[in-house]
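# Overview (structure and organization)
Spelled out from the first residue to the last, the chains are:
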Amino acid sequence: MYDTQTHGSALDQTDIKFSARNVQVYYGDTHAIKDVDVDIADKTVTAFIGPSGCGKSTFLRCLNRMNDTIDVCRITGDIRLDGEDIYDKRVDPVQLRAKVGMVFQKPNPFPKSIYDNVAYGPKIHGLARTRADLDVIVEKALRRGAIWDEVKDRLHAPGTGLSGGQQQRLCIARAIATEPEVLLMDEPCSALDPIATAQVEELIDELRTRYSLVIVTHSMQQAARVSQKTAFFHLGNLVEFGETSQIFTNPDDPRTESYITGRIG
Amino acid sequence: MTTLLFGFVLVLALASFLVARSRAGQLAGDTPASLHSRPAYHGFYSLLWVLMAGIGFLIVLTLVPNYLMTNSLLSQIGQALPDSAFIERQLILSDAKALATGRIASQTDPLRQEIAAAYAAKAAFWGWIRIALVVGAALIAAIATQATVSLDWRARNRAENIVRLILAAMATIAILTTIGIVVSLIFETYSFFSKIDWQLHKFLFGTTWSPLSGVQEGHMDADKVGAVPLFAGTLMITFIAMLVAVPVGLFAAIYLSDFAGNRTRAIVKPMLEILAGIPTVVYGFFAAITVAPFFRNTGDAIGVSIASESALVAGLVMGIMIIPFISSLSDDVINSVPQALRDGSFGLGATKAETIRQVVLPAALPGIVSAALLGFSRAVGETMIVVMAAGQGANLTANPLEAVTTVTVQIVMLITGDTEAETAAGPAFTLGFTLFCITLLMNVAAQRLVRKYRETYE
């Protein structure tokens, strides 16, 4: 198992957002995640790559406790956000998810207006005291989501009427609107065409200045383009974790090399 | 004889199917792909034609001769007894038919004997014609379709076309039945209104309902056909029923779809649906014998007078009857809201309650409204519970603790009463037609409303 300590991450402890130790996930009798240790840094894009069914999405969903909604899923080990155990009994998953936003594989705007989609999170968390506050929050989120110019004239049109790429950026804006500290993205571009993908990738690069981002992707080119850190998962194991440039040019593990060069996966 | 002919057609169709299939198979030999249509389609094509020809002729040659014979024999009776009433001639004819087929007739006389002999002769003649034509048509269809079996015969396309026509015919039957019912309602309503000299306002706004009180004198009293008490009673009971059924049903559906575990759901949902399987007559006497006395006694204890037949009891029990319709349908639509939408909401830090109220329910709204509409139609059309638990007197009141009656109950009373059908049918059909219009309007209005407020998801 790869050990982050010996390979000397350049980041010191205060920059670590998530730190996971000895994480195991079981779906019923299936052992989906085995002994995963990983540190996710702030203001960095971390990419999770690996073949289908390797557990990268499952692990991602552990980070905001989305797996809680699945009955048969059981998690052991230690995952800390800013040093606090997120699986502690005192932690409310609802509050955790407000801090750790999530963007899904398929764009899933609510069947509401564009405005209401973005205002949804701020409203339920009481972030805006007046309608004017809410307007400001919505505009800011849509601007950061790089979709403001396209939708500013039709904020009250349904969000489901946008194109796929616009919908995904709307979902990103929706996640940003609650002011999360970490943004998890589960294959955010797999349902998008190359142009929309480029727009979303550009957006990810901008968001890095404010948030810690974790992105699961099937596209190795995408991981190489957008991420600074890369983790390679295989059959539930974290095989290798390190600087993206190193993983893609000079991997330590033969399995990583095989996957990157297209021999497995 | 009919059964035998029917059996012959079936056996011939099956045989023709097998022969055509095996012949097509042999034609193809070792290269099945050289056949345009699979062998089974050749068989199926043949089977369809034999069935259509045989059964078609069977139906036509059973109905048409019967009609012709009845007409000619009735006119023969009319010539023998010019002064007889139509109903008397029919009686003689049915006696004659009984004599001819060896059953027991009400009386025998020379005329009946004569008609019986004539009937027997005609029946024998048409019987032979029928056998010859049905057997002939089925055989011709079988032989003709056997002759078509060849490598490039498009049996599949033709068989599919025939099936499509059969399906269209079935759909047409359903539509024509609906149109027929509506037209007959309109017709009877028209004749009822003409009997009260087109004083529509007396029906729509009158408050006294006793339509048969003037029948002895041979006319309909326009002052006593006011349907307001009936519609008021119907609406009051329906309103009470919906007040019970919609919240209980909807909350049960939300619990089942989003809170209950799989095992709970697997037990609770079928149990709720059992409620829908209880005959309404059982609900009716449950309401009359158990619920009504309980309410009356409770009312006595706290000093409120509750009639032993009341709108409240009928409405409550009816509401319980409707719960499974609303809960089961709503549960289905709530479940069909994509998990992705729920995940999206949870991912933003929404609680379960926020997710259900702000994301799931708006997306499921159209389905929930149609579930409620279905319940509404059931409540409006329900009769048994109301007959037993709400009373039969047309009593105009806004107090749900008193006895009221509904449109459906009055229709039952009219049709099952001892007044002759022709007189009673007028008010009954008119009530039915008005009820139909109200339900239709409700449906249209609700659909408009839903279209305005619904949130569609892909």
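Small disclaimer: the values here were computed from a predicted structure and weren't measured.

### Examining the overall build of chain B
- Each helix and strand in chain B was counted, giving 15 helices and zero strands.
- Here the C-alpha atoms of chain B give a radius of gyration of 31 Å, more than 25% beyond the 23 Å that 2.2 N^0.38 yields for 458 residues.
- Overall size of chain B, expressed as C-alpha extent along the three principal axes, is 80 × 75 × 40 Å.
- Burial status across chain B gives 40% buried among its 458 residues.
- Sequence separation of 24 or more characterises 73% of the internal contacts of chain B that already satisfy a separation of 6 or more.
- When the accessible area of chain B is evaluated, it comes to approximately 24000 Å², of which 68% is carbon and sulfur surface.
- Here chain B contributes 28 positively and 28 negatively charged side chains, and the mean placements of these two sets differ by 12 Å.

### Observations regarding the UniProt feature "transmembrane region" (unreviewed entry) in chain B
Residue and element names in this part refer to chain B.
- Here, UniProt's "transmembrane region" (unreviewed entry) annotation points to residues 48-68, 123-145, 165-187, 230-254, 274-295, 302-326 and 424-446.
- Between the first and last C-alpha atoms of residues 48-68 the distance is 30 Å; the span itself is 100% helix and 0% strand.
- Structurally, residues 230-254 is divided into 100% helix and 0% strand, and its ends, taken at the C-alpha atoms, are 35 Å apart.

### Concerning the interface of chain B and chain A
- In this assembly, 21 residues from chain B lie in contact with 23 residues from chain A.
- The interface formed by chain B and chain A contains zero salt bridges.
- Inspection of the chain B/chain A interface yields four residue pairs in polar contact (both at pLDDT 80 or more).
- Every element with two or more residues in the side of chain B that touches chain A is listed here: α11 (339-347) and α12 (352-381) of chain B.
- Here the side of chain B that touches chain A gets seven residues from one element, more than from any other, and that element is α11(B).
- When the residues that make up the side of chain B that touches chain A are grouped by side-chain class, the tally is nine nonpolar, eight polar and four charged.

### Re the domain arrangement of chain B
- Domain boundaries in chain B define domain 1 (2-169) and domain 2 (227-453).
- Relative placement of domain 1 of chain B and domain 2 of chain B: their C-alpha centres are 47 Å apart.

### Focus on helix α9 (residues 280-301) of chain B
Residues and elements named next belong to chain B.
- Between its first and last C-alpha, α9 extends 30 Å over 22 residues, near the 32 Å set by a 1.5 Å rise per residue.
- The sharpest bend along α9 comes to roughly 40°, located at Ala-287.
- If you check which residues of α9 are buried, you get Thr-280, Tyr-283, Gly-284, Ala-287, Val-291, Ala-292, Phe-295 and Gly-299.
- Buried residues in α9 make contact with α8 (262-277), α10 (311-336), α12 and α13 (384-389).
- Gly-303 sits one or two residues past α9 and shows a positive phi near 80°.

What counts and what doesn't
Residues take numbers from 1 onward in each chain, read along the sequence in its written order. Throughout, the order in which chains and ligands are written sets their labels, letters from A for the former and numbers from 1 for the latter. Local features in this predicted model are restricted to residues of pLDDT 70 or higher, and side-chain atom pairs are both shown and tallied only at a pLDDT of 80 or more, whereas totals for entire chains, interfaces and linings draw on every residue. Side-chain measures were taken over the full set of non-hydrogen atoms in the model, leaving aside hydrogen atoms and water. For the purposes of this entry, the term helix denotes a DSSP run of H or I that reaches at least four residues, the term strand denotes a run of E that reaches at least two, and both are numbered from the N terminus. Here the globule rule is a power law, 2.2 Å times the number of residues to the power 0.38, and the radius of gyration is based on C-alpha atoms. Burial classes: relative accessible area under 20% of the type maximum marks a residue as buried, over 50% as exposed, and values in between as partly exposed (1.4 Å probe, protein chains only). By definition in these notes, contact holds between two residues if any of their heavy atoms fall within 4.5 Å. Computed with the Shrake-Rupley method and a 1.4 Å probe, the accessible areas treat only the protein chains shown as cover for residues. A residue counts as positive if it is Lys or Arg and as negative if it is Asp or Glu; His and the chain ends are not included. To locate a charge, take atom NZ for lysine, CZ for arginine, CG for aspartate or CD for glutamate. UniProt positions are given in the numbering used here, feature names are shortened, and annotations may be inferred rather than shown by experiment. Salt bridges, as used here, are contacts in which a Lys or Arg side-chain nitrogen is within 4 Å of a carboxyl oxygen on Asp or Glu. Here a polar contact means two N or O atoms within 3.5 Å. Within protein one must be a hydrogen donor candidate and the other an acceptor candidate, and residues neighboring in sequence count only if both atoms are side-chain atoms. Classes in brief: Ala, Val, Leu, Ile, Met, Phe, Trp, Tyr, Cys and Pro nonpolar; Asp, Glu, Lys and Arg charged; the others, Gly included, polar. An automatic or database domain assignment supplies the start and end points of every domain. Here, expected helix span is obtained from the residue count minus one, scaled by 1.5 Å. The reported bend at a residue is simply the angle between two axes, fitted to the 7 residues ending at it and to the 7 residues beginning with it.

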